[in-house]
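Structure at a glance
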Protein chains: 2
Amino acid sequence: MATRKAMNLKMLSEALGLSQTTVSRALNGFPEVAEKTRARVVEAAERLNYRPSPSAASLATGKSRMIGHVVSLSEHIMINPHFADFIAGAGEIYAQSGYDILLRLAPLEEQERIYLNLAEDQRVDGVVVHGPLTGDSRIGILNALGMPFVVHGRCDEEGADYCWMDVNNRRAFHRATKFLLDLGHERIALINGLETMNFAERRRQGYEAALAEAGVALDERLLHSADMVEPYGYQATRALMELDEPPTAILVASVLPAMGVTRALVDLGLRAGEDVSVIAFDDCLSFLQSGYKGSAPDIPYFTAVRSSIREAGKRVAQLLLERIETPDGPPLSELWEADFVIGQTTAPPRRR
Amino acid sequence: MATRKAMNLKMLSEALGLSQTTVSRALNGFPEVAEKTRARVVEAAERLNYRPSPSAASLATGKSRMIGHVVSLSEHIMINPHFADFIAGAGEIYAQSGYDILLRLAPLEEQERIYLNLAEDQRVDGVVVHGPLTGDSRIGILNALGMPFVVHGRCDEEGADYCWMDVNNRRAFHRATKFLLDLGHERIALINGLETMNFAERRRQGYEAALAEAGVALDERLLHSADMVEPYGYQATRALMELDEPPTAILVASVLPAMGVTRALVDLGLRAGEDVSVIAFDDCLSFLQSGYKGSAPDIPYFTAVRSSIREAGKRVAQLLLERIETPDGPPLSELWEADFVIGQTTAPPRRR
DNA sequence: GCCAAAATCCAAAGCGCTTTGAATTTCGTT
DNA sequence: AACGAAATTCAAAGCGCTTTGGATTTTGGC
């Protein structure tokens, strides 16, 4: 072996006959180094396979080129596969900019402390907040710490002083509900996510508003709220269909429980789109693919309000990187409208 | 504000009237410091909220207390939710030991280079290899780099010189196939994962061995192989049932495509467990919960070979941490047998 | 009470990078 | 040719921790 140790700044600068200062500046694009020498330095760095030590750079600058994602362990995020898609989108953006993800699993009640530690330790340059609750305390902490962050979702009304990216859940569910009402449905069930989650609360608001506008009374028995897993959709549907007056349409907060819904309907000898209408919120989960096609090719199975969670991951990552670049600008935020796609699971209600 | 800067070793040692050496040693459990002073140091560190800077420690020791997980971007791992469950299990173990996950998304062809960089940069203390191919080149690289790693799965036959943790896929599929044969099925379809993946190859071997033992000829038309997503199961089943002699039983490599299978059967007016038997490999995905219960409570819907991927994540993490502790021991490996649970989707074949 | 051995503790030298403040060179003017 | 400004380059001081080698204090056996 010729060299025992990995190439470092000192060796590189000696090889070039330049000072470490100049080499460092050349590589980091500072203006006070002549273009000619910069070219020389860059070439040599490339040739000698020099790459700066991240921990040394981090120690010197306080920047880590890492983005923190702290997610709940046994809770409602990691537990479901939405997170995988989100992180796939975000990770793609990070990779392009030379950032890495620092992933930490922790129960919600520890997350404040964790953000504090990550900030003090300068372990990450920014974080994204997953699954915001209504009035989430994490936001205040992060603002106080001066740590750049973007919330995926929101936890308060407009104009709040933080960065977020969200889908217009209220309007999406308003539209979906109104669509069903227009078809003639009046008994419309809502199989919602956990309503401590802000997004679920908004979805319910949209649902309730549409009902109210149509003068349809709210029936509490048609409302379910829980973690968005398959068996939940199944059980909720079984319960709903046992009511004296079962719903003629069901609004489901995710395709995961929606699959449980269809399974329950099959068990009951009912068909979605004929006996009962179903609309799902479709996050375009990759393992279902935008596919989840029905028997008719190119017509989606579910009628759905749809917004890609993977694209959301990308956008959140972009916003965060911008925020890290410019920490003192006004908070960025972005609200996406969901698509509304007609599939095979909706129809006017059956005549009795 | 009293203090502008975060508490560091120097400040702490001055506050204690001790040298930085002693304080550092006291906190890191070295033997050459008196228990009495160690107690004093620990108490003061706690009280003054001292936590060592990770980048400084990393620079000084070369250890980062990070575990690298590099996963394929647009490929077959992150794309499906198995990964989320795996990482949830692993992350739990890491958290207990004070490690964090460094997550990097990259196409397979770049992963060798990435491992090289992670090693040279000393960014991680170990890595786990996801989705090993048969004869995977990543293993050789990692061994050459001397980087501790554990493979989730295997890429070669027994006795290979690396750490791995795997489920006995061959035996699992052998058992499942034999079970169907014993019920009287002869036309058994296999809806497998991508057979470049080593685990899929093993599953097929188990399937083929069982057929051969029973003297049943292999029919290529009953074999499918692709990414394990829902629509794949759907389409494969539609294709299978259009054969002149459709299968009477289907073996599916994951509950994801298995859901597509049942959806296709419903569309065709067939019922799983009556008209066609279905056995799935169940990774106990959390969003389906061990539930995915059928109409009869506490009886699982699918007959399945079952092994929790989350538990696998935990175990792989444990093995890796042990490996990091003792890098020069003999390679650790572990083979788990899958459970075989009888659900509602299997029965003797229909008489014609 | 004495001395070697054991137990503690410390000063200082890195780890590899960035950055300050100063030195040196180059260049446009007069 | 001389001079101040502009353009380059550099030496050295951190960043906060670990660790080597040595200094100092305690201990134990006689």
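About the criteria used
- Counting starts from 1 at the beginning of each chain's written sequence and moves along it residue by residue.
- Both sets of labels track the order of writing: A upward for chains, 1 upward for ligands.
- Since the coordinates come from a predicted model, pLDDT governs what is reported: local features require at least 70, and pairs of side-chain atoms require 80 or more to be given and counted, while whole-chain, interface and lining totals use all residues.
- Side-chain descriptors were evaluated using all non-hydrogen atoms of the structure, hydrogens and water having been removed beforehand.
- Here, proximity means that at least one heavy atom of the residue falls within 4 Å of the molecule or strand.
- Think of a polar contact as two N or O atoms within 3.5 Å of one another; within protein, one of them needs to be a possible hydrogen donor and the other a possible acceptor, and neighboring residues in sequence only count if both atoms come from side chains.
- Each helix corresponds to a stretch of at least 4 residues labelled H or I by DSSP, and each strand to a stretch of at least 2 residues labelled E; elements are numbered beginning at the N terminus.
- Contacts between residues were defined by any pair of non-hydrogen atoms, one from each residue, lying within 4.5 Å.
- Put simply, buried area is how much 1.4 Å-probe accessible surface two parts lose in total, over both of them, once they are put together.
- A carboxyl oxygen of Asp or Glu within 4 Å of a side-chain nitrogen of Lys or Arg is what we treat as a salt bridge.
- Gly is placed with the polar residues, together with every amino acid not listed as nonpolar (Ala, Val, Leu, Ile, Met, Phe, Trp, Tyr, Cys and Pro) or charged (Asp, Glu, Lys and Arg).
- By the convention used here, strands pair only if DSSP detects at least 2 bridges between them.
- For our purposes a nonpolar core is just a set of buried Ala, Val, Leu, Ile, Met, Phe, Trp, Tyr and Cys residues, chained together by side-chain atoms within 4.5 Å.
- For every residue, the accessible area obtained with a 1.4 Å probe (protein chains only) is divided by the maximum for its type, and the residue is called buried under 20%, exposed over 50%, and partly exposed between those limits.
- Only Phe, Tyr and Trp rings are paired, with Trp represented by its six-membered ring, and only when their centres lie within 6.5 Å; those with planes under 30 degrees apart are stacked, over 60 edge-to-face, the remainder tilted.
- Note on geometry: axes are C-alpha line fits, over the in-contact stretch for helices, and angles between N-to-C directions span 0 to 180 degrees.
- For a crossover, the right-handed case is the one in which the path from the first strand over the helix to the second runs clockwise, viewed with the strands pointing away from the viewer.
- One less than the number of residues in a helix, times 1.5 Å, gives the span that helix is expected to have.
- Domain start and stop positions are those given by an automatic or database domain assignment.
- Least-squares superposition of the copies uses the C-alpha atoms of those residues scoring a pLDDT of at least 70 in each of them.

It is worth spelling out the protein's contact with DNA strand C at this point. The immediate surroundings of DNA strand C are formed by 29 residues, with Leu-9, Ser-24 and Arg-25 of chain A together with Ser-19 and Thr-21 of chain B found nearest. The share of sugar and phosphate among atoms of DNA strand C within 4 Å of the protein is 59%. Take Thr-22 of chain B: an N or O atom from its side chain is 2.9 Å from a phosphate oxygen of DNA strand C. In the environment of DNA strand C, a phosphate oxygen lies 3.0 Å from a nitrogen or oxygen atom belonging to the side chain of Thr-37 of chain B. Of all the secondary-structure elements, those providing two or more residues to the surface near DNA strand C are helix H2 (20-27) and helix H4 (54-61) of chain A together with helix H2 (20-27) and helix H4 (54-61) of chain B. The dominant element in the surface near DNA strand C, judged by the number of residues it contributes, is H4 of chain A, at five residues.

Interface extent is often summarised as the accessible area lost during association of the parts. Facing the 54 residues of chain B at the interface are 54 residues of chain A. Carbon and sulfur atoms supply 57% of the area that chain B and chain A bury against each other, a total of about 4800 Å² over both sides. There are eight salt bridges connecting chain B and chain A. The salt bridge partner of Arg-51 of chain A is Asp-121 of chain B, with a shortest N-O separation of 2.8 Å. Secondary-structure elements contributing two or more residues to the side of chain B that touches chain A are H4, helix H5 (82-97), strand S2 (100-105), helix H6 (108-120), helix H10 (230-241) and helix H11 (255-267) of chain B. Counting residues per element, the side of chain B that touches chain A draws most heavily on H5 of chain B, which supplies seven residues. When grouped by side-chain class, the residues that make up the side of chain B that touches chain A number 26 nonpolar, twelve polar and 16 charged. As defined by bridge partners, strand S2 (residues 100-105) of chain A adjoins S2 of chain B across three bridges and the pair is classed as antiparallel. Within S2 of chain B, the residue paired with Leu-103 of chain A across the bridge is Ile-101 of chain B.

With that out of the way, let us pick up the nonpolar core. By size, the foremost hydrophobic cluster in this structure holds 106 residues, and its most contacted members are Tyr-94 of chain A together with Tyr-94 of chain B. In this structure, Leu-102 of chain A together with Phe-149, Cys-155 and Trp-164 of chain B belong to the second largest nonpolar core, which totals 38 residues.

All names here are of chain A. Summed over the entire model, instances satisfying the criterion amount to seven aromatic pairs over all chains. Ring geometry for Phe-173 against Phe-281: centres 6.0 Å apart, planes inclined by 20°, an arrangement best described as stacked. Pair noted here: Phe-173 is in helix H8 (residues 169-183) and Phe-281 is in strand S9 (residues 277-282), with a separation of 108 residues, a long-range link. Since its relative accessible area comes to 1%, Phe-173 is described here as buried. Under the relative-accessibility criterion, Phe-281 is labelled buried at 1%.

The next thing to look at is the sheet that holds strand S10 (residues 303-306) of chain B. Residues and elements named next belong to chain B. Overall, mixed pairing links the six strands, which are arranged S7-S6-S8-S9-S10-S12 in an open sheet. Strand pairing shows two members of the sheet lacking a second neighbour, strand S7 (223-225) and strand S12 (339-341), which therefore form its edges. Neighbour-to-neighbour, the strand axes of this sheet turn through a mean angle of 15°, independent of strand direction. In this structure, strand S8 (residues 249-252) lies alongside strand S9 (residues 277-282), joined through four bridges in parallel fashion. By the bridge assignment, Ile-250 is partnered in S9 with Val-278. Of the strands in this sheet, strand S6 (188-192), S7, S8 and S9 touch helix H9 (residues 198-213), which is tilted by about 170° from S6. Sitting on the sheet, H11 touches S6, S8 and S9, and the angle it makes with S9 is about 160°.

What follows concerns the protein's contact with DNA strand D. Within the structure, DNA strand D sits among 29 residues, and Ser-19 and Thr-21 of chain A together with Leu-9, Ser-24 and Arg-25 of chain B are positioned closest to it. The sugar-phosphate portion of DNA strand D accounts for 60% of its atoms within 4 Å of the protein, the bases making up the rest. Contact distances for DNA strand D include 3.1 Å between a base oxygen and a side-chain N or O atom of Thr-21 of chain B. Tyr-50 of chain B places a side-chain nitrogen or oxygen 2.9 Å from a phosphate oxygen of DNA strand D.

In this section: the pairing of S9 of chain A. All names here are of chain A. Taking burial as the measure, the six residues of S9 include six buried ones, the bulk of the element. Residues Ser-277, Ile-279 and Phe-281 point to one face of S9 and Val-278, Ala-280 and Asp-282 to the other, with burial holding for every one of them. At this point the chain moves from strand S8 (residues 249-252), through helix H11 (residues 255-267), to the parallel S9, and the crossover so formed is right-handed. Relative to strand S10 (residues 303-306), S9 runs parallel, the two sharing four bridges. Residue pairing across strands places Ile-279 opposite Thr-303, the latter belonging to S10.

Residue and element names in this part refer to chain A. Evaluation of the coordinates by the stated rule reveals 50 salt bridges over all chains. Residues Arg-113 and Glu-110 are paired through a salt bridge, measuring 3.1 Å at the closest nitrogen-oxygen approach. Of this pair, Arg-113 and Glu-110 are both found in helix H6 (residues 108-120), three residues apart, which corresponds to roughly one turn of the helix. Exposure remark for Arg-113: the relative accessible area of 43% places this residue in the partly exposed category. Put simply, Glu-92, Arg-310, Glu-311 and Lys-314 are held in one network by salt bridges that share partners.

Attention now goes to H11 of chain A. Taking 1.5 Å per residue as the helical rise, H11 of chain A with its 13 residues ought to reach 18 Å, and the 18 Å between its terminal C-alpha atoms agrees with that figure. Summarising burial for H11 of chain A: eleven of the 13 residues are buried, a large majority. Taken together, the buried positions of H11 of chain A are Val-255, Leu-256, Pro-257, Ala-258, Met-259, Gly-260, Val-261, Thr-262, Arg-263, Ala-264 and Leu-265 of chain A. Packing partners of the buried residues in H11 of chain A comprise helix H5 (82-97), strand S6 (188-192), helix H10 (230-241), S8 and S9 of chain A together with H11 of chain B. Where H11 of chain A begins, the side chain of Ser-254 of chain A points an oxygen toward the backbone nitrogen of Leu-256 of chain A, at a separation of 3.0 Å. At the exit of H11 of chain A stands Gly-269 of chain A, carrying a positive phi of roughly 75°.

The next thing to look at is the domain arrangement of chain A. Residues and elements named next belong to chain A. Here chain A is described as being made up of domain 1 (1-48), domain 2 (66-167 + 310-336) and domain 3 (169-308). One C-alpha centre belongs to domain 2, the other to domain 3; they are set 28 Å apart. Contact with domain 2, which involves 21 residues of that partner, is made by 20 residues of domain 3. Summing both partners gives a buried area of about 1700 Å² for domain 2 against domain 3, and 50% of it is carried by carbon and sulfur. On the surface where domain 2 and domain 3 come into contact, there are zero salt bridges. The tally of links from domain 2 across to domain 3 stands at nine residue pairs in polar contact (both at pLDDT 80 or more). In the side of domain 2 that touches domain 3, the residues fall into eight nonpolar, five polar and eight charged.

Superposition record for chain B on chain A: RMSD 0.1 Å, screw rotation 180°, translation along axis 0.0 Å. Look at the turn and shift together and you get a two-fold axis relating the two. In this assembly the copies share their binding face: 100% of the residues contributing to the interface of chain B also contribute to that of chain A.

Within the secondary structure, His-82 of chain A is located in helix H5. Excluding residues that lie within four positions of it along the chain, His-82 of chain A makes contacts with Met-228, Ser-254, Leu-256, Asp-283, Leu-285 and Ile-309 of chain A.

Next up on the list: helix H8 (residues 169-183) of chain B. Its 15 residues place the ends of H8 of chain B 21 Å apart at the C-alpha level, agreeing with the 21 Å of an ideal helix rising 1.5 Å per residue. Immediately beyond the C-terminal end of H8 of chain B, within one or two residues, lies Gly-184 of chain B, with a positive phi of roughly 110°.

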